[in-house]
Amino acid sequence: MIQEEVKELVHKQRNFFHTNATMNINFRMQALEKIKRWIQIHEDEIQYALQKDLGKSAFESYMSEIGLVLSEISYMKKHIRTFSKTKTVHTPLSQFHSRSFMKPSPYGVVLIMSPWNYPFLLTIDPLIDALAAGNTVILKPSAYCVYTSKLLSQMIADCFDERYVAVVSGGRAENICLLEQHFDYIFFTGSQSVGKQVMKKAAEFLTPVTLELGGKSPCIVDKSANIKLSVKRIVFGKYLNCGQTCVAPDYIYCDRTVKDKFVKELKKEIQRQYGKRPLENESYGKIINRKHFDRILNLIDQEKIVHGGAFDRETLKIEPTVLDHITVSDKAMQEEIFGPVLPILTFDHIEEVIKNIQSMPKPLALYLFTKNKDIVRKVTTRCSFGGGCVNDTIVHLATSEMPFGGVGESGMGGYHGKAGFDTFTHYKSMVEKKTWLDLPVRYQPYKKVYHIALRKILK
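The following paragraphs examine the structure supplied in this document. (Residues numbered from 1 in each chain as written. Predicted model: local features only at pLDDT ≥ 70, side-chain atom pairs only at ≥ 80, totals over all residues. Heavy atoms only, no water.)

1. Details of the overall build of the chain
Stage number 1. For the chain, the count of helices and strands is 15 helices and 20 strands.
Stage number 2. Over its C-alpha trace the chain gives a radius of gyration of 25 Å, about what one expects of a compact globule, namely 23 Å for 459 residues.
Stage number 3. Here the chain, with 459 residues, has 52% of them falling under the buried criterion.
Stage number 4. Once local pairs closer than 6 in sequence are excluded, the contacts in the chain between residues at least 24 apart make up 72%. (Helix = DSSP H or I, 4+ residues; strand = E, 2+ residues; numbered from the N terminus. Rg over C-alpha atoms; globule rule 2.2 N^0.38 Å. Buried < 20%, exposed > 50% of the residue type's maximum accessible area, 1.4 Å probe, protein only. Contact = heavy atoms within 4.5 Å.)

Take a look at the structure:
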């Protein structure tokens, strides 16, 4: 799509937004229902596209993408009328006699740029929230997930007029064209480097943004933890989608006194979940492309492999791999891994872990396995991170009742449920003043008696 076509598409959507069609709650409900019906009819095709792009099994596709999308639709349909209502708030005495209220209003034309690792979920989830809030939307899926991007284009064309929702396909050139346009809101999910470019472009128009980024999410294992259960949940969270999850545990901080036991259980659990030959496991995914495949392999120190390490260049699969005796200077600790490689560091006291995490860029997630409530309090209070779990991984994002998002280098803003509606909504603060009474205290000429009265009112 060339620059003029993109510009015209944005113009069409802005004109459609100004018809006020999206202000109608029934119109928004119908849009969500169209998405739901399309997904239900074409579920097999969605699973096929995800399998071709990322090697996902049908179960994993539904658990981590399709099912979560349907859940968000159900939640939003249930609450959209309540979320869209004008909310009356307290009016101070100084504004007597009047009514104060907050009026939720959509931003207008929204750009949603989605990544390749969960290409269906991370495109449609924010779309649901944006449409529920009353916006028009242009979607830009990743060019890396060829099959899913093509399917998304077909889905949106089947469900909506391009004046309301449209997909722009392509790669970097199309991204540049889109970011040259004036949008009313930009929602980006992806890498920190591209996120900086998005924010820089958005700043030219003073366009508000939500950035869902990533980072090196730590997973702390205290000596009081239930090691067997901890390992089970860590293996699930780390190697889901072949490690290509923005909130996957990036590395382990394990108490030195239980590290050997932890590693032993880790090896057993990986084999239990993925078999003796993970590269032949049809339910185990693949790396998205050769570029990322080579990047991940470059992070593996062969001398520090204690489990896994095998790979297949033809299928782009890398075994669930564990690295031991890792320090912060190792390659695997220099960047977000975003693959099936798990480095293990050790600690003697929780204070050193907190200090090290505080010295690093703020991660998107943090996981803590412990029975010690004092450690929970210390870590969750003093470490800054987007969100996380105590005694589990990943699952904090699978709810519409809490916002999901980062902080600092891992992003800004959040979504899911009410938080998602709020992200794509501007709340107009309004005062409706009555005309039957008009206090003279605010008008010139100011008198001393008015000054005294005003101080008492505002006290």
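From this point, the discussion proceeds with the structure in view.
2. Structural notes on the nonpolar core
Stage number 1. If you look at the biggest cluster of nonpolar residues, it comprises 114 residues, and the most contacted ones within it are I39, F120, L127, L131 and F262.
Stage number 2. By size, the runner-up hydrophobic cluster in this structure holds 20 residues, among which are V10, A166, V209 and L213. (Core = buried A, V, L, I, M, F, W, Y, C linked by side-chain atoms within 4.5 Å.)

3. Notes on the environment of V376
Stage number 1. With respect to the helices and strands, V376 occurs in helix 13 (residues 373–382).
Stage number 2. For the pair formed by V376 and F205, sequence separation is 171 residues and the distance between their alpha carbons is 42 Å.
Stage number 3. Those residues within four positions of V376 in sequence are excluded, and the remaining contacts are L368, T370 and V390.

4. Topic: the sheet that holds strand 16 (residues 387–390)
Stage number 1. If you trace the seven strands from one edge of the open sheet to the other, you get 10-13-14-9-8-15-16, paired in mixed fashion. The open sheet terminates on both sides in strands that have one partner only, identified here as strand 10 (305–307) and strand 16. Pairs of neighbouring strands in the sheet enclose a mean axial angle of 25 degrees, with direction left out of account.
Stage number 2. Note that strand 9 (residues 251–255) and strand 14 (residues 341–347) share four bridges and pair parallel. Bridge pairing in strand 14 places C254 opposite T346.
Stage number 3. Taken strand by strand, helix 10 (residues 259–274) contacts strand 8 (218–221), strand 9, strand 10, strand 13 (321–323) and strand 14, and its axis lies near 165 degrees from that of strand 14. (Pairing = 2+ DSSP bridges. Axes fitted to C-alpha atoms, helices over the stretch in contact; angles between N-to-C directions.)

5. Some thoughts on unusual backbone geometry
Stage number 1. Following Q444, the chain continues to P445 via a peptide bond in cis, the omega torsion being 5 degrees.
Stage number 2. In this structure, P445 sits in the loop between strand 20 (425–433) and helix 15 (448–458).
Stage number 3. We note that H416 has phi near 100 degrees; this positive angle belongs to a residue other than glycine.
Stage number 4. Mapped onto the elements of the fold, H416 is located in the loop between strand 19 (414–415) and helix 14 (417–423).

6. Some remarks on the packing of helix 4 (residues 58–83) against helix 5 (residues 121–132)
Stage number 1. Two numbers describe how helix 4 lies on helix 5: the axes approach to 9 Å, and their chain directions differ by 5 degrees. Judged by the angle between their axes, helix 4 and helix 5 are roughly parallel. Residues S64, E65, L68, V69, E72, I73, M76 and I80 of helix 4 form the contact with helix 5, whose participating residues are L121, I124, D125, I128, D129 and A132.
Stage number 2. Here the residues of the contact of helix 4 with helix 5 sort into nine nonpolar, one polar and four charged. (Parallel < 35°, antiparallel > 145°, perpendicular 65-115°, else oblique. Nonpolar A, V, L, I, M, F, W, Y, C, P; charged D, E, K, R; others polar.)

7. Description of the packing of helix 2 (residues 25–41) against helix 6 (residues 146–159)
Stage number 1. Here helix 2 crosses helix 6 at 130 degrees, and the two axes come no closer than 10 Å. On the basis of the axis angle, helix 2 is oblique to helix 6. Judged by the sense of rotation from one axis to the other, the crossing of helix 2 with helix 6 is right-handed. From helix 2, K34, I35, W38 and I39 reach across to helix 6, where they touch L151, Q154, M155, D158 and C159.
Stage number 2. Residues belonging to the contact of helix 2 with helix 6 are distributed by class as follows: six nonpolar, one polar and two charged. (Left-handed = near helix turned anticlockwise from the far one by under 90°.)

8. Things to note about the side chain of S57
Stage number 1. Along the chain, the position of S57 falls in the loop between helix 3 (43–54) and helix 4.
Stage number 2. Take S57: its relative accessible area is 16%, and that puts it in the buried class.
Stage number 3. Looking at S57, its side chain comes within polar contact range of the main-chain nitrogen of E60, at 3.1 Å. (Polar contact = N/O pair within 3.5 Å; in protein donor to acceptor, adjacent residues only side chain to side chain.)

9. Here we look at the packing of aromatic side chains
Stage number 1. Under the counting rule described, the total for this entry stands at 18 aromatic pairs.
Stage number 2. Aromatic side chains F16 and Y164 sit 5.8 Å apart centroid to centroid with 50 degrees between the ring planes, which places their arrangement in the tilted category. On the criterion of sequence distance, the pair formed by F16 in helix 1 (residues 3–17) and Y164 in the loop between helix 6 and strand 5 (165–167) is long-range, its members being 148 residues apart.
Stage number 3. On the accessibility criterion, F16 (13% relative accessible area) is buried.
Stage number 4. For Y164, a relative accessible area of 5% corresponds to the buried category. (Phe/Tyr/Trp six-rings, centres within 6.5 Å; stacked < 30°, edge-to-face > 60°.)

10. Concerning the sheet that holds strand 1 (residues 87–89)
Strand pairing within a sheet occurs via backbone hydrogen bonds; the two strands may be parallel or antiparallel.
Stage number 1. Read across the sheet, three strands follow the order 1-2-20 without closing on themselves; strand pairing throughout is antiparallel. The open sheet is flanked by strand 1 and strand 20, the only strands paired with a single partner. Strand-to-strand twist of the sheet, defined as the mean angle between neighbouring strand axes without regard to direction, takes the value 30 degrees.
Stage number 2. With nine bridges joining them, strand 2 (residues 98–106) and strand 20 adopt antiparallel strand pairing. By the bridge assignment, P104 is partnered in strand 20 with Y427.

11. Some remarks on the pattern of salt bridges
Stage number 1. Considering all chains together, one arrives at 21 salt bridges under this definition.
Stage number 2. One salt bridge connects R256 with D348, and the closest N-O pair in it is separated by 2.8 Å. Of this pair, R256 sits in the loop between strand 9 and helix 10 while D348 sits in the loop between strand 14 and helix 12 (350–359); the two residues are 92 residues apart in sequence, bridging distant segments of the chain.
Stage number 3. For D348, a relative accessible area of 52% translates into the label exposed.
Stage number 4. The partner of R377 in a salt bridge is D374, and the shortest N-O contact between them spans 2.5 Å. (Salt bridge = Lys/Arg side-chain N within 4 Å of Asp/Glu carboxyl O.)

It is worth stressing that arrangement in space is one thing and function is another; only the former is reported here.
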